[in-house]
Amino acid sequence: MNDIITVRGFVATEPKSSTTPGGTGTASFRLGSTARRFDRANDVWVDGNTNWFSVQAFRHLAGNIGCSVKKGQRVIVVGKLKLRQWEHDGKIYHVAEIVAETVGHDLMWGSANFIRTTGGTGPQSTPAAAEAEPENPWPSAEEDGEDSPHDDEDGSAAAEREVIFSAGEGDESVLVDTHTGELVDARA
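Here the structure is a predicted model, which means the values were calculated and not measured.

### Details of the nonpolar core
Line of reasoning, step 1. Within the largest apolar cluster, 20 residues are counted, with the highest numbers of intra-cluster contacts made by Phe29, Leu31, Phe53, Ile65, Val77, Ala100 and Val103.
Line of reasoning, step 2. At the level of elements, strand 1 (3-11), strand 3 (25-39), strand 4 (44-58), helix 1 (59-68), strand 5 (74-88) and strand 6 (91-105) are the ones that each hand at least two residues to this core.
Line of reasoning, step 3. When residues of this core are assigned to their parent elements, the largest contribution, four residues, is made by strand 6.
Line of reasoning, step 4. The contact partners of Phe53, leaving out residues within four places of it in the chain, are Ile5, Val7, Phe29, Arg30, Leu31, Ser33, Leu81, Ala96 and Ile98.

### Let's talk about the packing of aromatic side chains
Line of reasoning, step 1. The tally for this structure, following the rule as stated, stands at three aromatic pairs.
Line of reasoning, step 2. Between Phe10 and Trp52, the aromatic rings sit 5.8 Å apart at their centres with planes inclined by 85°, giving edge-to-face as the arrangement. Placement of Phe10 in strand 1 and of Trp52 in strand 4 is noted, with a sequence separation of 42 residues between them.
Line of reasoning, step 3. With centroids separated by 5.4 Å and ring planes inclined at 65°, the aromatic side chains of Phe38 and Trp45 adopt a geometry described as edge-to-face.
Line of reasoning, step 4. The ring of Trp109 has Arg74 sitting right over it, with the charged end atom 4.1 Å from the ring centre.

### What about the side chain of Asp106?
Line of reasoning, step 1. Its place among the elements puts Asp106 in the loop between strand 6 and helix 2 (141-144).
Line of reasoning, step 2. Separated by 3.3 Å, the side chains of Asp106 and Arg8 make a polar contact.
Line of reasoning, step 3. Those residues in contact with Asp106 that sit more than four places away from it in its chain are Arg8, Arg74, Val75 and Ile76.

### Details of the pattern of salt bridges
Line of reasoning, step 1. A complete count under the given rule lists three salt bridges for this structure.
Line of reasoning, step 2. Measuring nitrogen to oxygen at the nearest pair gives 3.3 Å for the salt bridge that ties Asp106 to Arg8. Of this pair, Asp106 sits in the loop between strand 6 and helix 2 while Arg8 sits in strand 1, and the two are 98 residues apart along the sequence.
Line of reasoning, step 3. A relative accessible area of 8% means that Asp106 is categorised as buried.

### Section: helix 1
Line of reasoning, step 1. Along helix 1, the residues that are buried comprise Leu61, Ala62 and Ile65. Angularly, the buried residues of helix 1 cover 100° about the axis, an arc narrow enough to put them on a single face. Across helix 1 from its buried face, at more than 90 degrees, point the exposed residues Arg59 and Cys67.
Line of reasoning, step 2. Taken together, the buried residues of helix 1 touch strand 3, strand 4 and strand 6.

### Considering the pairing of strand 1
Line of reasoning, step 1. Examined bridge by bridge, strand 1 and strand 5 share eight bridges and lie antiparallel to one another. The residue of strand 5 that forms the bridge with Arg8 is Ile76.
Line of reasoning, step 2. Pairing geometry for strand 1 and strand 3, over two bridges, is antiparallel. Note on strand 3: the bridge partner recorded for Val11 is Leu31.

### With respect to the pairing of strand 2 (residues 16-19)
Line of reasoning, step 1. With four bridges joining them, strand 2 and strand 3 adopt antiparallel strand pairing. Across the sheet, residue Thr19 finds its bridge partner in strand 3, namely Gly25.
Line of reasoning, step 2. Two successive antiparallel strands, strand 2 and strand 3, enclose a turn made up of five residues, where Gly23 displays a positive phi of approximately 95°.

Thresholds, definitions, all that
Residues numbered from 1 in each chain as written. Predicted model: local features only at pLDDT ≥ 70, side-chain atom pairs only at ≥ 80, totals over all residues. Heavy atoms only, no water. Core = buried A, V, L, I, M, F, W, Y, C linked by side-chain atoms within 4.5 Å. Buried < 20%, exposed > 50% of the residue type's maximum accessible area, 1.4 Å probe, protein only. Helix = DSSP H or I, 4+ residues; strand = E, 2+ residues; numbered from the N terminus. Contact = heavy atoms within 4.5 Å. Phe/Tyr/Trp six-rings, centres within 6.5 Å; stacked < 30°, edge-to-face > 60°. Lys NZ or Arg CZ within 6 Å of the ring centre and 35° of its normal. Polar contact = N/O pair within 3.5 Å; in protein donor to acceptor, adjacent residues only side chain to side chain. Salt bridge = Lys/Arg side-chain N within 4 Å of Asp/Glu carboxyl O. Arc of directions from axis to C-beta. Pairing = 2+ DSSP bridges.

The structure is reproduced here in structure tokens:
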């Protein structure tokens, strides 16, 4: 079976990252998709059956999943559906797998900040570009030449650090929360 499927659901397990013996990056997680319907008689939303999928991703998508997707988040997955079965101790088991082509946060349930990957981390890059050591976009205090964290007006340590991201034609300076990776402030 080689059918394309789109599934909205929640990430049920922390994504697991690994590398194949050939050096290809992989990521996998379990996805639960629960049907919901409105019960007009009781004026409430009711959960229906939950379908479970194993999601598998490769290469750059796998790396981006490892950096972006966490257990409990709502996501949308597009990929090829594979139904497998096997036998163990006389019992037959079935699993629905999705080999992901695209994974993204479901913005119906929250907001997200997108940071485009550049310089050998995108799907259009050549294999030779992957050999280079990527520059760390989150410099430590020692690399920044700082002895202590920044203080806010109230004296608390700031969670933000100014990081320069290349947008292709020019550099854009943005404030990023180093704990969550979220964009805090953008300046022109």
